[in-house]
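Observations on the model geometry
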Amino acid sequence: MTLADVTYLPEAPAHDLEIDDINAEAFGPGRFTRAAYKIREGGPHDRSLSFVAMHAGQVVASVRMTPIAAGEGRAQMLGPLAVRPDFKNLGIGRKLVAMALAAAAKANEPAVILVGDEPYYGPLGFARIPRGQIEMPRPVDLNRLLAHEVVPGAVALLSGEVCHADLAKTPQRVAEPA
């Protein structure tokens with residue numbers, strides 16, 4: 001198998017069962033107790049910003065984006081990002097993240113946040129969100145709250161508890177260009 005044998009596609013409903021299997025394999029039953037999962041329960045993910053990697057007609061990796069709100073700020077939350085064990089360490093996850101970020105920028109999304117490891121996501125354009133700026137609905141390591149800013153000033157608008165954008169109680173404010 002070479003990377004030339006892997007194709008990347010926008011996520012489609014037909015991929016859902018395989019994506020569920022990949023996420024179960026990668027994160028186990030404990031995934032349902034995580035803060036990010038609680039946010040995802042609030043509404044649907046954005047298929048137009050979500051992608052899969054395919055090999056021999058099978059989904060071998062996926063990344064999803066979910067619209068979120070925190071105070072007046074809006075963003076997309078990246079994740080889960082999952083790659084089948086036989087396909088890890090080949091750059092497939094990084095390629096999926098790059099595709100999701102490019103799609104978010106093209107869709108004029110102001111920012112992308114995630115809960116993840118800075119050594120992995122930092123080189124992909126993510127930096128820590130200042131401590132105390134946002135809160136998650138369940139406990140989370142604050143050092144793992146990362147953001148990629150598409151529109152300058154957009155991350156600063158994120159404040160308070162993060163929820164699915166469909167559940168936002170505060171009207172959105174748009175970051176002003178510098």
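Notes on the structure follow.

Scoring rules and cut-offs
Residues numbered from 1 in each chain as written. Predicted model: local features only at pLDDT ≥ 70, side-chain atom pairs only at ≥ 80, totals over all residues. Heavy atoms only, no water. Phe/Tyr/Trp six-rings, centres within 6.5 Å; stacked < 30°, edge-to-face > 60°. Buried < 20%, exposed > 50% of the residue type's maximum accessible area, 1.4 Å probe, protein only. Lys NZ or Arg CZ within 6 Å of the ring centre and 35° of its normal. Helix = DSSP H or I, 4+ residues; strand = E, 2+ residues; numbered from the N terminus. Pairing = 2+ DSSP bridges. Right-handed = clockwise from strand over helix to strand, strands pointing away. Expected span 1.5 Å × (residues − 1). Arc of directions from axis to C-beta. Contact = heavy atoms within 4.5 Å.

Tallied over the full model, the rule gives two aromatic pairs. Seen from their ring centres, Tyr120 and Tyr121 are 4.8 Å apart, and the 80° between their planes marks the pair as edge-to-face. On the basis of relative accessibility, which here comes to 23%, the residue Tyr120 falls in the partly exposed class. An angle of 80° between the planes, with centres 5.8 Å apart, marks the rings of Tyr121 and Phe126 as edge-to-face. Taken together, Tyr120, Tyr121 and Phe126 form an aromatic cluster joined through their ring pairs. The residue whose ring lies beneath Lys95 is Tyr8, and the NZ or CZ to ring-centre distance is 5.4 Å.

With 11 of 11 residues buried, strand 4 (residues 73-83) is to be regarded as a mostly interior element. Here nine bridges tie strand 3 (residues 58-71) to strand 4, and the two strands are oriented antiparallel to one another. The residue of strand 4 that forms the bridge with Ala69 is Arg74. What sits between strand 3 and strand 4 in their antiparallel hairpin is a turn of one residue. Across two bridges, strand 4 lies against strand 5 (residues 111-115) in parallel orientation. Bridged to Gln76 within strand 5 is Val112. For the segment spanning strand 4, helix 3 (residues 92-106) and strand 5, crossover handedness is right-handed.

What follows concerns helix 3. Compared with the 21 Å implied by 1.5 Å per residue over 15 residues, the 21 Å span of helix 3 between its first and last C-alpha is a close match. Those residues of helix 3 lying buried are Ile92, Gly93, Leu96, Val97, Met99, Ala100, Leu101, Ala103 and Ala104. Phi turns positive one or two residues past the end of helix 3, at Asn108, with a value near 60°.

Right, let's talk about helix 1 (residues 16-27) for a bit. Compared with an ideal rise of 1.5 Å per residue, which puts 12 residues at 16 Å, helix 1 spans 16 Å between its outermost C-alpha atoms and is within 8% of the ideal. Those residues of helix 1 that sit buried are Glu18, Ile19, Ile22 and Asn23. End-on view of helix 1: buried residues confined to an arc of 135°, all on one side of the axis. Lining the buried residues of helix 1 we find strand 2 (51-55), strand 3 and strand 4.

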